[in-house]
Structures are given as structure tokens and as C-alpha cells.
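What follows is each chain in one-letter form.
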Amino acid sequence: MDEKKGMEMVREYSLKYYGRPNERYELLGRYLPETMANWIELRKSIFPDPAIGGLTLREKELICTAIEIARRQP
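Conventions we followed
Numbering of residues starts from 1 in each chain and follows the order in which that chain's sequence is written. pLDDT decides what is reported in this predicted model: residues at 70 or higher carry local features, side-chain atom pairs at 80 or more are listed and counted, and totals for whole chains, interfaces and linings draw on all residues regardless. The side-chain quantities take in all heavy atoms of the structure and omit both hydrogens and water. The nonpolar core is taken to be a set of buried Ala, Val, Leu, Ile, Met, Phe, Trp, Tyr and Cys residues, with the residues joined through side-chain atoms within 4.5 Å. Throughout this description, buried means an accessible area under 20% of the type-specific maximum (1.4 Å probe, protein chains only), exposed means over 50%, and partly exposed covers the range between. Numbered from the N terminus, helices here are DSSP runs of H or I no shorter than four residues, and strands are runs of E no shorter than two. Contacts are assigned to residue pairs with any non-hydrogen atoms lying within 4.5 Å of each other. For this analysis, a polar contact is any N or O atom pair within 3.5 Å, provided that within protein one partner can donate a hydrogen and the other can accept it, and provided that sequence-adjacent residues contribute only side-chain to side-chain pairs. Helices are assigned an expected span. That span is 1.5 Å times one less than the residue count. Note that the arc is computed from the directions linking the helix axis to the C-beta atoms. A pairing counts as a salt bridge when a side-chain nitrogen of Lys or Arg comes within 4 Å of a carboxyl oxygen of Asp or Glu.

Caption draft 1: The nonpolar core, seen in detail. If you look at the biggest cluster of nonpolar residues, it comprises 10 residues: Met-9, Val-10, Tyr-13, Tyr-17, Tyr-25, Met-36, Ala-37, Ile-40, Phe-47 and Leu-57. Secondary-structure elements contributing two or more residues to this core are α1 (3–18) and α3 (33–46). With 4 residues, α1 is the largest single contributor of residues to this core. Aside from chain neighbours lying at most four places away, what touches Tyr-25 is Val-10, Tyr-13, Ser-14, Tyr-18, Met-36, Trp-39 and Arg-43.

Following this line, the structure appears as C-alpha cells:
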């Protein structure tokens, strides 16, 4: 994946899920576009639509962060 396509994917994801560009995601997308694309695809499978479900996006993020910390894979 080239840098331009990776950056477009990162921006689209950031705007959809956070409502604004995420500078950290863009930095990772610039230097590791394929890794970032794979990570975004994984997150899309976990959080298909932030408006659907009983938990808020923030609550889902906190749960994922807690799991990563418990598994010692931040």
C-alpha cells in the first residue's frame, strides 16, 4: 500500500469514528501505511458503527485498552 492510499484510509477512519483528524494516526499512516491499514481493518471489525450497540465508543475504547494492558500488549 502506498503512502497516499494509507493516509486517505486513516483520515476517513478518523473522521468517521472521532469526527476529526487524528494526528497520531496520520503519523503512523505516513510511516507504516500497510500496518496502519491492517490495524484500521481490525478496528472496523470490532467497532462496525459507533452508533450501534449499548456501549458508547469511549466505553468500547476503554475496554479494548484494558484488555491490551491486561495482556501486556499496549
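Caption draft 2: Region of interest: the side chain of Ser-14. Its location among the elements puts Ser-14 in helix α1. You can call Ser-14 buried: its relative accessible area is 0%. Contacts of Ser-14, omitting those with residues within four sequence positions, involve Gly-19, Arg-20, Pro-21, Asn-22 and Tyr-25.

Caption draft 3: Broad picture of the environment of Arg-58. Along the chain, Arg-58 turns up in helix α4 (residues 57–70). With 40 residues separating them along the chain, Arg-58 and Tyr-18 place their C-alpha atoms 9.9 Å apart.

Caption draft 4: Inspection of the side chain of Asn-22 at higher detail. Along the chain, Asn-22 falls in the loop between α1 and α2 (23–31). Of the residues examined, Asn-22 reaches a relative accessible area of 14% and is grouped as buried. A polar side-chain atom of Asn-22 sits 3.0 Å from the main-chain amide nitrogen of Arg-24.

Caption draft 5: Region of interest: α4. The terminal C-alpha atoms of α4 lie 20 Å apart, and with 14 residues this matches the ideal 20 Å at 1.5 Å per residue to within 8%. Every buried residue belonging to α4 is among Leu-57, Lys-60 and Glu-61, and all of these are buried. Across the axial projection of α4, the buried residues extend over an arc of 100°, all falling on one side. Projecting away from the buried face of α4 at angles above 90 degrees are the exposed residues Arg-58, Ile-69 and Ala-70. Phi turns positive, to about 60°, at Arg-72, one or two residues after α4.

Caption draft 6: Molecular detail of the pattern of salt bridges. Scanning the entire structure with this criterion turns up 2 salt bridges. Arg-11 is paired through a salt bridge with Glu-26; the nearest N and O atoms lie 3.3 Å apart. A residue pair is termed long-range when its members are at least 10 positions apart, and Arg-11 in helix α1 and Glu-26 in helix α2 qualify at 15 residues. One salt bridge connects Arg-43 with Glu-61, and the closest N-O pair in it is separated by 2.2 Å. On the criterion of sequence distance, the pair formed by Arg-43 in helix α3 and Glu-61 in helix α4 is long-range, its members being 18 residues apart. Under the relative-accessibility criterion, Arg-43 is labelled buried at 8%.

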